[in-house]
Amino acid sequence: MEFRSHTLENGLEIVAECNAGAHSQGVGFFVRTGARDETDELAGVSHFLEHMVFKGTPHRSADDVNREFDELGAHYNAFTSEENTVYYAAVLPEYQKPTIDLLADIMRPSLREEDFAMEKKVIVEEIQMYADQPPFGMDDKIKELHYGKHPLARSVLGTVESVEALTADQMRTYFESRYSPGNLFVAAAGKVDFDALVEQVAHRCGDWPTQTTSRDVPPSASQPGFHCLHRESATQQYFLQLVDAPASESADRYVAKLLATMFGDDSGSRLYWELVDPGLAESASLGHYEYLGVGMYFSWMSCEPSDAHANYEKIVQLQQQAQTDGFTIEELRQAQSKVRARVVLGSERPRNRLFNVGGNWMQRKEYRSVADDLQAVEQVTLDDIHRVLAAYPLTIGTTVTIGPLEQWG
């Protein structure tokens, strides 16, 4: 493995983990823009823009874009999150040049008025679809309840009202400010010809105009509480919980991952053995999610309404027990083995390494090899676990339950 990087004169960065022994490559454009960079008026524009990028360019129609990706045999897609929008493809190494040409072209979309109007209907339907499916939009609502007006409380999809009110001119202005060379980069992993990659990106993107872009990263001011919402159409009772946790720039993020694995992994964790294995809950889990300046433990449980109170009391008991008694060395070793295996197994495909390389560069502008991550996981001690437990108690968070129960208590 060899990590290489280069910056074009206009500020666009190119980073790659080159593996001569790989048989494929993953390559993508990573844009530092997402829901947290929007305003109330523009809520959902990042995700909407992601859709519009595939609707054609001055050189290609939407059909051309899809057809050419298919002709390359590419596994391609895009996604938008709270902090970034990523466009990627996994291809055979001999198709590096046409893949860069295609990805770079769609990074300068036409944003035609007629496409905008048609896609707006698709986005609104998507928002309404998620509102009809468990947990009925509460995964967005709980962020608002927990974080208040913090940028990370924004929904990636936006609202029906904000999307319907959005204009094509507003999207074009947003695009120009966020898709600037200094606010996006190209990442690659696998069998990559880096010198050729630099030349190819420079040829296609070297004349893109630079525009200053910033991001607000305020500290969070969480507002713990309990909320019960009635949903007559639901057949199960759903629980969601947000608890503060280490952020993406914190070295304690590895501690948080292991803590979440011990407490709430979907197999072999305390939640699993107490609730899922005995059949008391259909699902129960806790995961760690990291963002710039903010981290969260996100918990989820679904069960029969008749079991809801007892199951919630069991979760509270497990949280209090963890805070009081901590974890055992055996639990930590098992969690470390799990996480190490996932790191290694996930690294065997260049496309997966692309997201690791790109994600680390996006959040911290650093390169981390598989060995670096394995070492960081192995170095976590039980004292680290208990120190982070004390700093970010599992017992202080925001809980939302939604389902047939009309009230709680």
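For clarity, every value in this text was computed on a predicted model and none was experimentally measured.

Asker: Sorry if this is basic, but what is going on with the overall build of the protein here?
Answerer: Of regular secondary structure, the protein possesses 15 helices and 11 strands. Radius of gyration (C-alpha) of the protein: 22 Å, near the 22 Å computed for a compact globule of 409 residues. Its C-alpha atoms give the protein principal-axis dimensions of about 60 × 50 × 35 Å. For the protein, buried positions account for 53% of its 409 residues. Long-range pairs, those at least 24 residues apart, make up 82% of the contacts in the protein between residues at least 6 apart in sequence. Put simply, the protein shows about 18,100 Å² of open surface, and 49% of that area lies on carbon and sulfur atoms. Separation of charge centres in the protein, based on 36 positive and 62 negative side chains, amounts to 4 Å.

Asker: Can you walk me through the packing of aromatic side chains in this structure?
Answerer: In this description, an aromatic ring pair is defined by two values, namely the gap between the centres and the angle between the planes. Taken as a whole and assessed by the stated rule, the structure comprises 21 aromatic pairs. With a centroid separation of 5.7 Å and 50° between ring planes, the pair formed by Tyr 238 and Trp 300 is classed as tilted. Here Tyr 238 is found in strand β8 (residues 237-245), whereas its partner Trp 300 is found in strand β10 (residues 294-303), with 62 residues between them in sequence. Residue class for Tyr 238 comes out buried when judged on its relative accessible area of 9%. Consider the rings of Tyr 289 and Phe 298, whose centres lie 6.4 Å apart with planes at 90°: the pair is edge-to-face.

Asker: Would you take a moment to explain the pattern of salt bridges for this structure?
Answerer: Opposite charge on two side chains lets them pair, provided their charged atoms get close. Scanning the model with the defined rule gives 35 salt bridges in all. Across the salt bridge formed by Glu 68 and Arg 60, the nearest N and O atoms sit 3.0 Å from each other. A cluster of three or more residues bridged by salt bridges with shared partners is formed by Arg 60, Glu 68, Asp 101, Asp 105 and Arg 204.

Asker: For this particular structure, what's the right way to read the packing of helix α12 (residues 329-346) against helix α14 (residues 370-378)?
Answerer: Each pair of packed helices gets described by two things: the angle between the helix axes and the distance between those axes. Between α12 and α14, the shortest axis-to-axis distance is 10 Å and the interhelical angle comes to 170°. In terms of orientation, α12 lies roughly antiparallel with respect to α14. On the side of α12, the interface is formed by Arg 333, Gln 336, Val 339, Arg 340, Val 343 and Val 344, while α14 contributes Val 370, Asp 373, Leu 374, Val 377 and Glu 378. Taken together, the residues that form the contact of α12 with α14 break down as six nonpolar, one polar and four charged.

Asker: Would you explain empty space enclosed by the protein in this entry?
Answerer: Empty space among the atoms can be located by rolling a probe the size of a water molecule over them. Within the structure shown, the criterion is met by one cavity of 30 Å³ or more. Counted as a void, the largest cavity has a volume near 100 Å³. Around the largest cavity, the lining is made up of 15 residues, and of these Gln 241, Ser 299, Trp 300, Met 301 and Ile 315 lie nearest the centre. Of all the secondary structure elements, the ones that give two or more residues to the lining of the largest cavity are β8, β9 (283-291), β10 and α11 (308-325). A class-by-class count of the residues in the lining of the largest cavity yields 10 nonpolar, five polar and no charged.

Asker: Could you clarify how one ought to interpret unusual backbone geometry in this entry?
Answerer: Most peptide bonds adopt trans geometry, and most residues besides glycine take a negative phi value. A cis amide bond links Pro 134 to the next residue, Pro 135, at an omega of 5°. The topology assignment puts Pro 135 in the loop between α4 (113-132) and α5 (138-147). The phi dihedral of Phe 136 falls on the positive side, at around 60°, and the residue is not glycine. The topology assignment puts Phe 136 in the loop between α4 and α5.

Parameters at a glance
- Residues numbered from 1 in each chain as written.
- Predicted model: local features only at pLDDT ≥ 70, side-chain atom pairs only at ≥ 80, totals over all residues.
- Heavy atoms only, no water.
- Helix = DSSP H or I, 4+ residues; strand = E, 2+ residues; numbered from the N terminus.
- Rg over C-alpha atoms; globule rule 2.2 N^0.38 Å.
- Buried < 20%, exposed > 50% of the residue type's maximum accessible area, 1.4 Å probe, protein only.
- Contact = heavy atoms within 4.5 Å.
- Areas by Shrake-Rupley, 256 points an atom, 1.4 Å probe, with all protein chains shown as cover.
- Lys, Arg positive; Asp, Glu negative; His and termini not counted.
- Charge placed at Lys NZ, Arg CZ, Asp CG, Glu CD.
- Phe/Tyr/Trp six-rings, centres within 6.5 Å; stacked < 30°, edge-to-face > 60°.
- Salt bridge = Lys/Arg side-chain N within 4 Å of Asp/Glu carboxyl O.
- Axes fitted to C-alpha atoms, helices over the stretch in contact; angles between N-to-C directions.
- Parallel < 35°, antiparallel > 145°, perpendicular 65-115°, else oblique.
- Nonpolar A, V, L, I, M, F, W, Y, C, P; charged D, E, K, R; others polar.
- 1 Å grid on protein atoms, 1.4 Å probe; cavity = no way out; pocket = protein on both sides within 12 Å on 5 of 7 lines; lining within 4 Å.
- Points joined across faces, edges and corners; volume = space filled by probe spheres on them.

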